[in-house]
Amino acid sequence: METNNPIINWLPLVIVLLPFSAGLALYLAGTGRPKLTNTLVLVSTILPLAFAFSFYPRVKAGLFPSLTLDILPPVGLSFRVDYLGFYTLLLFAAAGLIVSIYSLRYLEPFESRRHRYFGFQLLVLSGCYGVAAAGDFFSFYLFFEFMSIMFFVLVAHYQTGSAIRAAYKFLIMTIIAGVTLFLAVAVIYWETGTLTFAETGLGLEQSTLVMVAFIGFAVAFGIKSALFPLHLWMPDAYSEAPLPAATISSMIMLKTGAYGLIRVFGNIYGIDYLAQFDWAYYLVLLGAFTIIFGSIVALAQEDLIRRLAYSGIAQVGYIILGIAMINQLAIIGAAYHILAHAFMKGTLFLCAGIMVKEAGSRQIANLKGIGQKLPVTMTCFTIATLTAVGMPPFNIFISKWHLGLGALELEAMILVMILLISSMLNAAYYFPIVTRAFLGTEQLNSHSEFSGLTGNSSGHQTAGFTSKQNKLPLFTEAPAMLLAPVIVLALGCLVFGLTPVNLPLELIERGIAIYF
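Definitions and limits used
Residues numbered from 1 in each chain as written. Predicted model: local features only at pLDDT ≥ 70, side-chain atom pairs only at ≥ 80, totals over all residues. Heavy atoms only, no water. Core = buried A, V, L, I, M, F, W, Y, C linked by side-chain atoms within 4.5 Å. Buried < 20%, exposed > 50% of the residue type's maximum accessible area, 1.4 Å probe, protein only. Helix = DSSP H or I, 4+ residues; strand = E, 2+ residues; numbered from the N terminus. Contact = heavy atoms within 4.5 Å. Axes fitted to C-alpha atoms, helices over the stretch in contact; angles between N-to-C directions. Parallel < 35°, antiparallel > 145°, perpendicular 65-115°, else oblique. Left-handed = near helix turned anticlockwise from the far one by under 90°. Nonpolar A, V, L, I, M, F, W, Y, C, P; charged D, E, K, R; others polar. Pairing = 2+ DSSP bridges. Salt bridge = Lys/Arg side-chain N within 4 Å of Asp/Glu carboxyl O.

A.B. asks: Help me understand the nonpolar core in this model?
C.D. replies: Most often, soluble globular proteins keep nonpolar side chains buried together rather than apart. Judged by nonpolar contacts, the single largest core of 189 residues is most densely connected at F137, F217, W233, Y238, F265, Y269 and M355. By residue number, the principal contributor to this core is helix α14 (residues 328–359), which donates 21 residues. Residue contacts for M355: discarding those within four places in its chain leaves L304, L367, I370, L374, T377, M378, F381 and I433.

A.B. asks: Sorry if this is basic, but what is going on with the packing of helix α12 (residues 279–300) against helix α13 (residues 304–324) here?
C.D. replies: The angle between the axes and the distance between the axes are what describe a pair of packed helices. Two elements in contact, α12 and α13, have axes separated by 7 Å at closest approach and are oriented at 160 degrees. Classified by the interaxial angle, the pair formed by α12 and α13 is roughly antiparallel. α13 is crossed by α12, and the crossing has left-handed handedness. The segment α12 lies against α13, with A280, L283, V284, G287, A288, T290, I291, G294, S295, V297, A298 and L299 engaging R307, Y310, S311, I313, A314, G317, Y318, I320, L321 and A324. Considered class by class, the residues forming the contact of α12 with α13 number 15 nonpolar, six polar and one charged.

A.B. asks: Looking at this structure, I do not really get the environment of L329. What am I missing?
C.D. replies: With respect to the element layout, L329 can be found in helix α14. It is 33 Å that separates the C-alpha atoms of L329 and N4, two residues lying 325 residues apart in sequence. Setting aside chain neighbours within four positions, we find L329 in contact with H402, L405, G406 and E409.

A.B. asks: Looking at this structure, I do not really get unusual backbone geometry. What am I missing?
C.D. replies: The bulk of non-glycine residues show a negative phi, and the bulk of peptide bonds are trans. Looking along the chain, the bond that leaves F228 and enters P229 is cis, with omega of 0 degrees. By the secondary structure assignment, P229 is in the loop between α8 (208–225) and α9 (234–240). The phi angle at Q159 is positive, at roughly 60 degrees, despite the residue not being glycine. The residue Q159 is located in the loop between α6 (137–155) and α7 (161–192) in this model. Overall, Q159 belongs to the partly exposed group, its relative accessible area being 43%. Here the phi dihedral of E411 falls at roughly 60 degrees; this positive angle occurs in a residue that is not glycine. Within the secondary structure, E411 sits in the loop between α17 (395–409) and α18 (413–439).

A.B. asks: Before we go on, may I ask you to explain the pairing of strand β2 (residues 77–80) in this structure?
C.D. replies: Residues in a regular strand project their side chains so that they alternate between the two faces of the sheet. A two-sided burial pattern is seen for β2, the buried positions comprising L77 and F79 on one face and S78 and R80 on the other. As paired strands, strand β1 (residues 66–69) and β2 are joined by four bridges and run antiparallel to one another. Bridge pairing in β2 links L69 to L77.

A.B. asks: Even after reading the chapter, I still don't get the pattern of salt bridges, so can you show me in this structure?
C.D. replies: Oppositely charged side chains can form a pair if their charged atoms are brought close together. The full count for this structure, using the stated rule, is six salt bridges. Of the charged contacts, one joins K169 and D236 as a salt bridge, the two residues approaching to 2.6 Å between their closest N and O atoms. Of this pair, K169 sits in helix α7 while D236 sits in helix α9, and the two are 67 residues apart along the sequence. For D236, a relative accessible area of 22% puts it in the partly exposed group. One salt-bridge network, held together by shared partners, links R80, D82 and R263.

Here is the structure:
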């Protein structure tokens, strides 16, 4: 049921327009104006989170903010924040604010092209918020494509040869995803005359075109989620983009693909319709293989950022696997893993940014003993690694628990075994980083001060926060604007599993129950 409060109904549009307007303003007028940049970034990320959170009492009561604008005929532009939309929007807005705060310190005030970076970062966030708040698949498609194209500039930010190549690889994959998604959306509109998010599907008839549309959705969202074998853009993009941009992709952009696939299964086709066919079975196979593939390749990486990238590919496999199992427990687990992975991988990436700045290297072998100089950072990193393994009471234990129950409901013990093996592989490629950091002999380069140079594999090396001779007191090992977001995300890996009522899980259960 839609809420009848006109102010509330317009807020989803405001949430999208705030970072959009600020991003344009920064790109056009932000050169050499760091104070303006900082102000616009903070305002355009704090207000969307506050507005999104204000929806909670109404959404909890089953009253959903809804708005349709009579533009872009014949479909129009629509917004609707239901249970899943609210859960996703709130997660995206929170992640956007946290990463933006970190980014403001990570990129120095007078760094070249800083205004352009933040301008396009805000444009990307605007598209992400639009995806979460979209009320139909046409609106979803527009925001999804806008978000993807804007991210191209962030990948190419350093303008080195390798960064440009990574950006063009990302762009080619984005074009493929856009074409296949447009084909799928067009077919659904041709077959039904609507693209609205129906609660139990659009009542599709069996046809070859409808199957082609399903393949189009799977390819488009598989590319965005980095599902094997459509993951090719991800490792290079994460290695060459500024680290905060890679974090935004991992925490938010990858999740737009997973969120879109949930909408396709539940709101476009309907669970009962898909249960008649074996289409989803192939996604189960791809999801399961992606889990193992990503984990094994991550184990072989000596570059910290590339190891995080490949582990992200494996983690996305959990989400696709859960959705494709087409039962309530598994889809709940998949939807919860969107949040669990966002907090876990966000913590790891932001910790990695501090670690790399301190060590002056992304090679894992060069991070020995770094826990002695960055105890809080490495404690947060450790919390995130325990989360990735799936130990209770951390978030990923909750999502894997539901995924495992969903697999048992299907009597698919092989899927349960894959979940267990993946946990062991997570431990194999994360725990050595932690043990070397705390127990290894210190091999860090000496750095006299924090210089703020950003780092990637293309020669953008870094300088540290502390001198080798002078260890800083606890919580002052790195600038507060870097350390505070890391601590918040690390706490987020744990807090939902300790509270009497898990509010994200409650929202997901109510949202997914509508499909069954």
